[in-house]
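Each chain is listed here by its residues.
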Amino acid sequence: MFQSLTLKHKLLILSGLPLFIALLFSFFLIKDTNNAQNNAADISSLMKLAVINSEFVHELQKERGLTAGFIGSGGSNTFKQKLNTQRQQTNTLKTSKLATNKALTELISQVGLLETQATNYSLIEQITAIRQKVDSQTISLADALSFYTNLNASLLQVISTIAEISQSPDIK
């Protein structure tokens, strides 16, 4: 069969195979590049969530420290004023965090962060009740600190999950 072909057709067939392989390789290279670009875009969006979580944890840590001072002092007015000011700052970051979560709901679902976010929401919803107990001095120092520690750990878990999701070795 190959013997009956002209030299021109034989060369065309022989050059077609490497061309086909090059095209196939190019297709897979473009596909991998596109996947990496999509992953980078997702990680970029998720980094907004990581940054807001980090800032929120920072404000919660300051509130945690003032809460310890307030409970330890037996409800000192000095600590009460500082604690109220800090709570306002924490609330500002809480609002930003919830807005960021809402904006990224679909992506959060796609990358498997729903369970962690559900835990975060549950703990965030308890902040007001914990604050009321602190104000009325009806919560122990250990329980108050434990609440803030658990909330902060849950918020920070999102950041480590984002690093695990990333396909970029620079982020891991």
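In this text, all values refer to a predicted model and were calculated from it rather than measured experimentally.

> Got a minute to help me understand helix α2 (residues 77-103) in this structure?
Count 3.6 residues to each turn of an α-helix, and residues three or four apart come out pointing the same way. The first and last C-alpha atoms of α2 sit 39 Å apart over 27 residues, in line with the 39 Å expected at 1.5 Å per residue. With a side-chain oxygen lying 3.2 Å from the backbone nitrogen of Thr78, the N-terminal cap of α2 falls on Ser76.

> What is the right way to read the packing of helix α4 (residues 114-125) against helix α6 (residues 141-165) from this model?
Two packed helices can be described by the angle between their axes and the distance between those axes. Between α4 and α6, the least distance of the axes is 9 Å, while the angle of their chain directions is 150°. Taken together, the axes of α4 and α6 lie roughly antiparallel to each other. You can see that α4 and α6 cross each other, and the crossing is left-handed. Side by side, α4 and α6 meet where Thr116, Gln117, Thr119, Asn120, Leu123 and Ile124 of the first sit next to Phe147, Asn150, Leu151, Ser154, Leu155, Gln157 and Val158 of the second. Of the residues contributing to the contact of α4 with α6, the split by class is six nonpolar, seven polar and no charged.

> Just to check I follow, could you spell out helix α5 (residues 127-135) for this structure?
All buried positions along α5 are accounted for by Ile127, Ile130, Arg131 and Val134. With its buried residues spanning 100° around the axis, α5 presents them on a single face. The secondary structure elements touched by the buried residues of α5 are α1 (7-72), α2, α4 and α6.

> I keep staring at the side chain of Glu59 and nothing clicks. Help me out?
Among the secondary structure elements, Glu59 is positioned in helix α1. Among the polar contacts made by the side chain of Glu59, one reaches the side chain of Gln86 at a distance of 2.6 Å. Setting aside anything within four residues of it in sequence, one finds Glu59 in contact with Gln86, Gln89, Thr90 and Leu93.

> Would you mind going over the packing of aromatic side chains with me for this structure?
Each aromatic ring pair is characterised by the separation of its centres together with the angle its planes make. Evaluated as defined, the whole model comprises two aromatic pairs. Seen from their ring centres, Phe27 and Phe28 are 5.4 Å apart, and the 70° between their planes marks the pair as edge-to-face. For Phe28, a relative accessible area of 43% corresponds to the partly exposed category. Aromatic pair Phe147 and Tyr148: ring centres 5.4 Å apart, planes at 70°, arrangement edge-to-face. Residues Phe147 and Tyr148 agree in their burial class; the two are buried.

> Explain the pattern of salt bridges here, please?
For side chains bearing opposite charge, pairing can occur when the charged atoms are close. By the definition in use, this model includes four salt bridges. Here Glu59 and Lys62 are joined by a salt bridge, their closest N and O atoms 3.4 Å apart. Residue Glu59 and its partner Lys62 are located together in helix α1, separated by three residues, close to a single helical turn. Of the residues examined, Lys62 reaches a relative accessible area of 34% and is grouped as partly exposed. When the shortest N-O distance is used, the salt bridge between Asp135 and Arg87 registers 2.8 Å. With a gap of 48 residues between them, Asp135 in helix α5 and Arg87 in helix α2 connect regions that are remote in the sequence. Judged by its relative accessible area of 32%, Asp135 falls in the partly exposed class. The class for Arg87 is buried, based on a relative accessible area of 6%.

> When you look at the nonpolar core in this model, what are you seeing that I'm missing?
Within soluble globular proteins, side chains that are nonpolar generally end up buried alongside one another. Judged by nonpolar contacts, the single largest core of 30 residues is most densely connected at Val134 and Leu151. Breaking this core down by element, the ones donating at least two residues are α1, α2, α3 (105-110), α4, α5 and α6. Considering each element in turn, this core owes the most residues, 11 residues, to α1. Ignoring sequence-local partners within four residues, the contact set of Val134 consists of Thr67, Phe70, Ile71, Leu83, Arg87, Ile139 and Ala144.

Cut-offs and rules
Residues numbered from 1 in each chain as written. Predicted model: local features only at pLDDT ≥ 70, side-chain atom pairs only at ≥ 80, totals over all residues. Heavy atoms only, no water. Helix = DSSP H or I, 4+ residues; strand = E, 2+ residues; numbered from the N terminus. Expected span 1.5 Å × (residues − 1). Polar contact = N/O pair within 3.5 Å; in protein donor to acceptor, adjacent residues only side chain to side chain. Axes fitted to C-alpha atoms, helices over the stretch in contact; angles between N-to-C directions. Parallel < 35°, antiparallel > 145°, perpendicular 65-115°, else oblique. Left-handed = near helix turned anticlockwise from the far one by under 90°. Contact = heavy atoms within 4.5 Å. Nonpolar A, V, L, I, M, F, W, Y, C, P; charged D, E, K, R; others polar. Buried < 20%, exposed > 50% of the residue type's maximum accessible area, 1.4 Å probe, protein only. Arc of directions from axis to C-beta. Phe/Tyr/Trp six-rings, centres within 6.5 Å; stacked < 30°, edge-to-face > 60°. Salt bridge = Lys/Arg side-chain N within 4 Å of Asp/Glu carboxyl O. Core = buried A, V, L, I, M, F, W, Y, C linked by side-chain atoms within 4.5 Å.

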